Amino acid sequence: MTIAIIGWGSLIWDLDDLAPKVAGPWQMSAGPEFPLEFSRISDKRKQALAVCIDPEHGTPCPTHCIASIRGTMREAMEDLAARERAPLARIGFVTAAGAASRLPAAVRIARDWLADSRFDAAVWTDLEPVFEARTGVPFSVPEAKRYLRSLEGESLAEAHRYISEAPEGTRTPLRTALERDLWWRRLGTD
């Protein structure tokens, strides 16, 4: 069984402990198009905004894939869960025989992609957007910018680095707005 690991955020530039468990380079823009937005506040990323599948606020963006060296779905899922420091229940997957995700639309998108790929199965990080749960206000581009302006020190630096280093094809509404924002652009020159 050939298993694809689908990624779109920091996984692309920081495989971390997943590195010895994959084969070959990332196949950029070769994954399914998922609706993505930087609408997840990440403890791992010092409260920075992280990109996640967000069908309500996201826009279709290309994802990227890399081959797992594992021969079973369980092993590939456990590898990705360990890297993401996420529960196994927050790793989405699709095979010819079954699928699981918090989002039925993600399963449909991944299944359609899988049918045209060289892979037999795929896994991805299925963490939800938590902006509203953490801030008390619904996600919007203006609220996300306000949240980013509230960050300081390492948290703000990590937020800028994370959003700036996301793959170029991750053209979300927030990222597009930030690239036009003088305050945001100046952060990269400090």
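Residues numbered from 1 in each chain as written. Predicted model: local features only at pLDDT ≥ 70, side-chain atom pairs only at ≥ 80, totals over all residues. Heavy atoms only, no water.

**Focus on the sheet that holds strand β1 (residues 3–7)**
Working step 1: Strand order across the open sheet formed by 6 strands is β2-β6-β1-β9-β7-β8, with mixed pairing between neighbours. A single partner strand is all that each edge strand has here, and the edge strands are β2 (22–27) and β8 (99–100).
Working step 2: Those strands touched by helix α1 (residues 73–84) are β1, β6 (64–68), β7 (91–95) and β9 (121–125), and its axis lies near 20 degrees from that of β9. (Pairing = 2+ DSSP bridges. Helix = DSSP H or I, 4+ residues; strand = E, 2+ residues; numbered from the N terminus. Contact = heavy atoms within 4.5 Å. Axes fitted to C-alpha atoms, helices over the stretch in contact; angles between N-to-C directions.)

**What about the pairing of strand β3 (residues 33–42)?**
Within a regular beta strand, the side chains point alternately toward one face of the sheet and then the other, so they alternate between its two faces.
Working step 1: Most of β3 is tucked away, with 9 of its 10 residues classed as buried.
Working step 2: Two strands pair when backbone bridges link them, and β3 and strand β4 (residues 48–53) are joined in this way by 5 bridges, in the antiparallel orientation. Across the sheet, the residue bridging to E37 is C52, located in β4.
Working step 3: What sits between the antiparallel neighbours β3 and β4 is a turn of 5 residues, in which K46 has the positive phi angle 60 degrees. (Buried < 20%, exposed > 50% of the residue type's maximum accessible area, 1.4 Å probe, protein only.)

**As for α1**
Working step 1: With 12 residues, α1 should cover 16 Å at 1.5 Å per step; its first-to-last C-alpha distance of 16 Å lies within 8% of that length.
Working step 2: Every buried residue of α1 is listed here: M73, A76, M77, D79, L80, A81, R83 and E84.
Working step 3: As for α1, its buried residues are in contact with β1, β6, β7 and β9.
Working step 4: Just past α1, the residue R85 takes up positive phi, approximately 55 degrees. (Expected span 1.5 Å × (residues − 1).)

**A look at the nonpolar core**
Taken as a class, soluble globular proteins show a tendency for nonpolar side chains to be buried jointly.
Working step 1: F34, L49 and W124 are the most contacted members of the largest nonpolar core, which totals 40 residues.
Working step 2: In this structure, L11, L18, A121 and V123 belong to the second largest nonpolar core, which totals 18 residues. (Core = buried A, V, L, I, M, F, W, Y, C linked by side-chain atoms within 4.5 Å.)

**Quick word on the pattern of salt bridges**
Working step 1: The tally for this structure, following the rule as stated, stands at 19 salt bridges.
Working step 2: Among the ionic pairs, E158 bridges to R161, the shortest N-O distance being 3.0 Å. Linking E158 with R161, this pair stays in helix α5 (residues 153–165), spanning 3 residues, or about one helical turn.
Working step 3: On the accessibility criterion, E158 (11% relative accessible area) is buried. (Salt bridge = Lys/Arg side-chain N within 4 Å of Asp/Glu carboxyl O.)

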